[in-house]
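Spelled out from the first residue to the last, the chains are:
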Amino acid sequence: MKYVDEFRDGELARVLAERIARAVQPGRSYRFMEFCGGHTHAISRYGVTDLLPATIEMVHGPGCPVCVLPIGRIDNAIALALEHGAILCTYADTMRVPASGRSSLMRAKAEGADIRMVYSAADALRIARENSAREVVFFAIGFETTTPPTAIAILEAERAGLANFSVFCNHVLTPAAIANILESPQVRDIGTVPLDGFVGPAHVSCVIGSQPYEYFAEEYAKPVVIAGFEPLDVMQAVLMLVEQVNDGRHEVENEFTRAVTREGNTKAKVLVAEVFELRRSFEWRGLGEVPYSALRIKGRYGRFDAERRFGIVYRSVADNKACECGAILRGAKRPKDCKVFGTVCTPENPLGSCMVSSEGACAAYYTYGRFRDRRAA
Amino acid sequence: MSAVKKDYVRPIDFKGGRVDMSHGAGGRAMAQLIDELFLAAFDNEWLRHLNDQACFAVPTGRMVMATDSHVVSPLFFPGGDIGCLAVHGTINDVAMSGATPLYLSATFILEEGFPLADLQRIVESMAAASQAARVPVVTGDTKVVEKGKGDGVFITTTGVGIVPEGVDVSGDRARPGDKVLVSGTLGDHGVAIMSFRENLEFETTIRSDTAALHELVACMVDAVPGIRCLRDPTRGGLAATLNEFARQSRVGFRIRERDVPVKPEVNAACELLGLDPLNVANEGKLVAICPPGDAERLLAAMRAHPLGADAAIIGEAVEDPHRFVQMETGLGGARIVDWLAGEQLPRIC
Amino acid sequence: MCLAVPVRVVKRLEGDDALIDAGGVRKQVSLALVPEAREGDYVIVHVGYAISRLDPDEALKTLALFAGMAQSPT
């Protein structure tokens, strides 16, 4: 596949690995957070860690919108289908996220809830058109990459005069999450959990551009390199971060120049601004309440807002006491530091969100990398 | 003296008719369905006896029996249907012990309302598959359940065969150092089904690889009687099969991604659907494990057969107390190839 | 939510829709967010929508960068 295979080439990987090995300074360690579930997945799936020197540690941040969805919001989604009898359309990724009382969307479906997996908001619209006698709710999740399609769906619903379609909006914002991590006591207090830089998300950046990260690089004096989606992109970004750290620079650099510009996708941003507005605060699983980190549907499009339409009340539900997802999402702990990792908590039986989504740090590590700590001595 | 007038029996309307409860009731309607459809299609000396069982002489040797139920949806897909899948699946299960498959049985659970045209198409496909493989369906059964209590049709096939002397194939026989081979490209069947469901189009359609593998197995066993393990990687794909072998044989595996054959379009479809080809079902491929000294000879024997033309050596068994199946990625790094967690859901992330 | 694939625009269809090709696999997606995309262009598709056009010159520059043949871009 063009623009895919070339960016996974083993020969080039070797060249990049050598360049990174030459760039790292002896006696110095580097900790970089990659903030994109797709990067977490790519690193594990291709074994990128094996090609990096031991002095570089890649930390997985909260870049997985499924992982940061709080239990209470899944409960709300289940209630929409089970109690209100709506057809709930959702991306497949949310089906196994654990909700309250050992429930999940998948279990609710087995109990008779009409929950349907879709690839796209457009599919949900089609289901609404085909089932005009029933309420159809689209369970919208995701960062800035996924938000514009939801905006388009709402605008299309208005244009078509669809009376039975609404959206349960859980869209969240990348810069807010980065700020939350950088503001957290562990990170601010240099010496405990230092982060030397960020690998910026690939597709979020296609939409928002490289400009929003300039604030962080400046304010927190941390370099940010926006990286493409493929493993070679990630390695090149790591090299650029190492060079910035060595030089004492903290700039925003763009490795993904073939798809990301400084301004991003203006059309997408305009559409989102038309339909959505900021929530003052939103709970993130593992991070608690994060200010100005999420979107809700504007009053103008209120009749497409499932929360208004069905009078949804959000109730915060605490995670399992043994669950370390919060610390892991913030990069303060690693999956193997969690007492229940791989024992009680597995992809078949996930306790927390990091294990559910294949982009979650725990799921990725379990599925692709857990052999690393159990190699025979 | 007047001749005995033959009763007029209206022939079954296979074009527009549907299965109804009388077809499973044991009476005339059922006998007619069996006669006009099943017996007509499968027709062989055992079925012609019209008994509830089939009687046949058993050659000396160890007998193998295998059974499989088929609940695939959609019923018809590019490259096959539930019928030939049911025949090939059980022939393959028998063959994976190294045995020569001899006879099959077939049972049908039909849902009230199921179109007879579809049933006829399925049964004729089964008959064709059985005849091509030279493994006859010698006995069977039919039941009908009420509408809403079945998914159109469920088919179960059972097969028996005989294992030749000197052949001992079992999942627990792999040893460190043994080589792992696959008979061809992986992921074709599962991707054909999923793509059909998701309305993906292809420049050249991806077809299910459903096939009877017993003749390929016979060539393989002939070339290397010391084959240790054989299995067809159906649900769960290569990943499930290698993990099963690892657990049974108490070994680990190391395989190389660049040696695993996958069609470019299957790869592309997996990218689009968010699937891993190693987890995707195959219905016409097998995984073989053999002693290292025999690997090249086995590979040559496989490649000489049309169903093994793309065969490849992909790795080896190793000592590993944790029974991991490890893969060297195309990038040069390492990762494990794990069991699939739960149902395979195409991912967006 | 990052699964996104670079694909080639084969043919523009009704409205914002287009037929795309990814390694021989064809699918219908929406170009509503990248309306300027033309047949033959490559775009990145996520959840059924193209989100960005791929710049072929920049792609080549990036590949050269990996091989250490160019300077780091900003």
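Only a predicted model underlies this, so the values are computations on that prediction, with no experimental measurement involved.

A. Up close: the overall build of chain C. Along its length, chain C carries 1 helix and 5 strands. When its helices and strands are written in sequence order, chain C yields β-β-β-β-β-α. A burial count over chain C gives 49% of its 74 residues as buried. A fraction of 26% describes how many contacts in chain C between residues 6 or more apart in sequence connect residues 24 or more apart.

B. Region of interest: the sheet that holds strand S1 (residues 62-70) of chain B. Residues and elements named next belong to chain B. In spatial order, the strands read S1-S6-S4-S5; together these 4 strands make up an open sheet with mixed pairing. Either end of the sheet is taken by a strand with one partner, and the two such strands are S1 and strand S5 (137-145). On average, adjacent strands in this sheet sit at an angle of 15° to one another, irrespective of strand direction. Summarising the sheet, strand S4 (residues 100-111) and S5 pair through 8 bridges and their orientation is parallel. Pairing of Ser105 across the sheet is with Thr139, part of S5.

C. Structural context of unusual backbone geometry. Positive phi outside glycine occurs at Arg102 of chain A, with the angle close to 60°. Of note in the backbone geometry, Val47 of chain C takes a positive phi value of approximately 40° without being a glycine. Examined against the element boundaries, Val47 of chain C turns out to sit in the loop between strand S4 (42-46) and strand S5 (49-53). For Val47 of chain C, a count of 25 C-beta atoms within 10 Å gives the class buried.

D. Quick look at the interface of chain A and chain C. With 39 residues of chain A at the interface, the matching set in chain C holds 33 residues. Only helix H1 (10-23), helix H2 (37-46), helix H6 (147-160), helix H9 (202-208), helix H11 (231-247), strand S9 (252-254) and helix H12 (266-275) of chain A provide two or more residues apiece to the side of chain A that touches chain C. For the side of chain A that touches chain C, the residue count by class is 22 nonpolar, 11 polar and 6 charged.

E. Looking closely at the pairing of strand S12 (residues 288-291) of chain A. Residue and element names in this part refer to chain A. As paired strands, strand S11 (residues 281-284) and S12 are joined by 4 bridges and run antiparallel to one another. The residue of S12 that forms the bridge with Ser281 is Pro291. Counting the residues that bridge the hairpin from S11 to S12 gives 3 residues, and of these Gly286 lies at a positive phi of roughly 90°.

F. Broad picture of the sheet that holds strand S7 (residues 197-200) of chain A. Residues and elements named next belong to chain A. One open sheet accounts for 5 strands, arranged S2-S1-S7-S8-S9; its pairing is parallel. Only two strands of the sheet have a single neighbouring strand rather than two, namely strand S2 (56-60) and S9. When strand polarity is set aside, the average angle formed by the axes of neighbouring strands in this sheet is 25°. Here strand S8 (residues 224-226) pairs with S9 via 3 bridges, running parallel. Residue pairing for S9: Val224 is matched across the bridge by Val252.

G. Examining the domain arrangement of chain A more closely. Split by domain assignment, chain A resolves into domain 1 (5-64 + 184-253), domain 2 (71-174 + 264-309) and domain 3 (325-374). When its residues are assigned to classes, the side of domain 2 of chain A that touches domain 3 of chain A shows 3 nonpolar, 1 polar and 3 charged.

H. Spatial organisation of the environment of Tyr3 of chain A. Tracing the backbone through its elements, the reader meets Tyr3 of chain A in the segment before H1. Expressed as a C-alpha distance, the spacing of Tyr3 of chain A and Arg258 of chain A, which sit 255 residues apart in the sequence, is 9.8 Å. When sequence neighbours within four positions are dropped, the list of residues in contact with Tyr3 of chain A reads Pro6, Tyr42, Leu54 and Ala59 of chain C.

Reading the values: the criteria
Residues numbered from 1 in each chain as written. Chains lettered and ligands numbered in written order. Predicted model: local features only at pLDDT ≥ 70, side-chain atom pairs only at ≥ 80, totals over all residues. Helix = DSSP H or I, 4+ residues; strand = E, 2+ residues; numbered from the N terminus. Buried ≥ 20, exposed ≤ 12 C-beta atoms within 10 Å, placed from the backbone. Contact = placed C-beta atoms within 7 Å. Pairing = 2+ DSSP bridges. Axes fitted to C-alpha atoms, helices over the stretch in contact; angles between N-to-C directions. Nonpolar A, V, L, I, M, F, W, Y, C, P; charged D, E, K, R; others polar. Domains from an automatic or database assignment.

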